[in-house]
Amino acid sequence: MLKGRHLIDPMDFTTYELDEIFSLAEKIIEDEDRFKDACRGKLLATLFYEPSTRTRFSFEAAMLRLGGSVIGFSEPNSSSVAKGESIRDTIRTISCYADIAVMRHPKEGAPKLASMYSSIPVINAGDGGHQHPTQTLTDLLTIKCLKGQFSNLTIGLCGDLKFGRTVHSLIKAMSRYENNRFILISPKELRVPDYIRKEVLDKKGIEYVEVEKLEEVIGELDILYMTRIQRERFFNEEEYLRLKDSYILDMEKVNRAKEDMIIMHPLPRVNEIDYEVDEDKRACYFKQAKYGMYVRMALIMKLLGVEENA
Ligand code: CP
């Protein structure tokens, strides 16, 4: 039962519960018009303490396409946060007005804290370098729709594997399915954190390798998940400048890949994927962004307990 629950960590839901969300998202994709009034009279609050394009707009579009309404801020200084109001008091207040809240915050654990003082479902829309569970839902729906399976896949994750919260969440999520293999492609400085290696991959006996050169492994991959080197997570600008162009995916590299490999990216990109790649049939990152809206429509309905035929 998902009604009334929070979504803070991608592992908060069982694979069975995820299947319920994906199954509803697929029904919405098939006949969106049937759901146009599903959330009529419901209000979504978007509390974004950090910039966003996809997550905020896709949540807002999702609620509006379900017939609901949206309030919120994308610039915390336009709210009483600027006067020093705590997360605890902000969410208690928002709970008086809205039916469901989405929060992005630069501090790890902020949405979890909000959920402890909220009387409405809170969805983590990204907390620092920690987790981004609805990006994981987006990624999983994309894989389901475009690869048709969650198991027996070789998944390459490339770029900033240290600070990339979408990478950590996706590794955790895909580790729950059978016989997946990970190829972790990054500079030494941006390798996945120890806890992912030890507590997720090693603990579950999952096969993985860590490499530095994308071109040497691209031919093995079923999925290539590119990520941005995130300037905002570096303490040292010099280090960022040295690493920022570590990987640039161009057609020369894509031509070495399997014909049915899919290229994913949570976006935004800076220059890690050449624009020429966008025209290749393997480039799926804008489709992925669209799946993100559909899966958020399904998530909102499930957390609000809205019936499919409402
Ligand atoms: N993928 C993602 O989280 O994008 P935004 O930062 O634009 O929301």
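The rules behind the values
Residues numbered from 1 in each chain as written. Predicted model: local features only at pLDDT ≥ 70, side-chain atom pairs only at ≥ 80, totals over all residues. Heavy atoms only, no water. UniProt positions renumbered as here; feature names shortened; annotations may be inferred. Domains from an automatic or database assignment. Contact = heavy atoms within 4.5 Å. Buried area = accessible area lost by both parts, 1.4 Å probe. Helix = DSSP H or I, 4+ residues; strand = E, 2+ residues; numbered from the N terminus. Buried < 20%, exposed > 50% of the residue type's maximum accessible area, 1.4 Å probe, protein only. Polar contact = N/O pair within 3.5 Å; in protein donor to acceptor, adjacent residues only side chain to side chain. Pairing = 2+ DSSP bridges. Near = heavy atom within 4 Å. Areas by Shrake-Rupley, 256 points an atom, 1.4 Å probe, with all protein chains shown as cover. Nonpolar A, V, L, I, M, F, W, Y, C, P; charged D, E, K, R; others polar. Core = buried A, V, L, I, M, F, W, Y, C linked by side-chain atoms within 4.5 Å.

The chain goes by Aspartate carbamoyltransferase in an unreviewed UniProt entry, where it is assigned to Thermobrachium celere DSM 8682. Reading the Subunit (unreviewed entry) entry of the UniProt record for the chain gives the comment "Heterododecamer (2C3:3R2) of six catalytic PyrB chains organized as two trimers (C3), and six regulatory PyrI chains organized as three dimers (R2)." As recorded by UniProt, the Function (unreviewed entry) comment attached to the chain reads in full: "Catalyzes the condensation of carbamoyl phosphate and aspartate to form carbamoyl aspartate and inorganic phosphate, the committed step in the de novo pyrimidine nucleotide biosynthesis pathway."

Student: I'd like a rundown of the domain arrangement of the chain, residues and numbers included.
Tutor: When its domains are assigned, the chain resolves into domain 1 (10-131 + 293-309) and domain 2 (134-289). Once you take the C-alpha centre of each, domain 1 and domain 2 turn out to be 25 Å apart. In this assembly, 27 residues from domain 1 lie in contact with 24 residues from domain 2. Across the domain 1 to domain 2 interface the summed buried area is about 2200 Å²; carbon plus sulfur atoms make up 57%. The largest share of the area that domain 1 buries against domain 2 comes from Met11, Phe22 and Arg54, three residues that together contribute 28% of it.

Student: Account for the UniProt feature "binding site: L-aspartate" (unreviewed entry) in the chain, naming residues and giving values.
Tutor: In the numbering used here, UniProt assigns the "binding site: L-aspartate" (unreviewed entry) feature to Lys83, Arg165 and Arg228. Over a stretch of 146 residues, the named residues are scattered through the fold, their C-alpha atoms separated by up to 33.4 Å. Relative to the helices and strands, Arg165 resides in helix H6 (residues 165-174). Classification of Arg165 as buried rests on a relative accessible area of 8%. Assessed through its relative accessible area of 18%, Arg228 is described here as buried. Non-local contacts of Arg228, meaning those with residues more than four positions away in its chain, are made with Asp160, His265, Pro268, Val270 and Glu272. Here Pro268 takes part through its backbone oxygen, which lies 3.5 Å from a polar atom of the side chain of Arg228.

Student: Got a sec to walk through the pairing of strand E8 (residues 223-226)? Specific residues and values, please.
Tutor: Here E8 shows no split at all, with Ile223 and Tyr225 on one side and Leu224 and Met226 on the other all buried. Strand direction decides the pairing type here: strand E5 (residues 154-158) and E8, joined by 4 bridges, are parallel. Within the sheet, the bridge partner assigned to Gly156 lies in E8 and is Leu224. Two strands pair when backbone bridges link them, and E8 and strand E9 (residues 262-264) are joined in this way by 3 bridges, in the parallel orientation. When the bridges of E9 are listed, Leu224 appears paired with Ile263.

Student: Residues and numbers for the site of the ligand, please.
Tutor: Near the ligand the following residues occur: Ser52, Thr53, Arg54, Thr55, Arg104, His132, Gln135, Pro266 and Leu267. A distance of 3.0 Å separates a nitrogen atom of the ligand from a polar atom in the side chain of Gln135. About the coverage of the ligand: the protein hides 92% of its 260 Å² of free accessible area. A class-by-class count of the residues in the shell around the ligand yields 2 nonpolar, 5 polar and 2 charged. Looking at which domains feed residues into the shell around the ligand, each of domain 1 (10-131 + 293-309) and domain 2 (134-289) supplies at least three.

Student: Describe the nonpolar core, naming the residues involved and giving the relevant values.
Tutor: A general feature of soluble globular proteins is that nonpolar side chains tend to end up buried together. Membership of the largest hydrophobic core comes to 61 residues, with the highest contact counts inside it found for Leu157, Ile171, Met174, Phe182, Leu299 and Met301. Per-element tally for this core: the top contributor is helix H10 (residues 285-304), with 11 residues. Lining this core are residues from two domains, each supplying at least three of them: domain 1 (10-131 + 293-309) and domain 2 (134-289). In this structure, Ile185, Leu221, Met226 and Ile263 belong to the second largest nonpolar core, which totals 21 residues.

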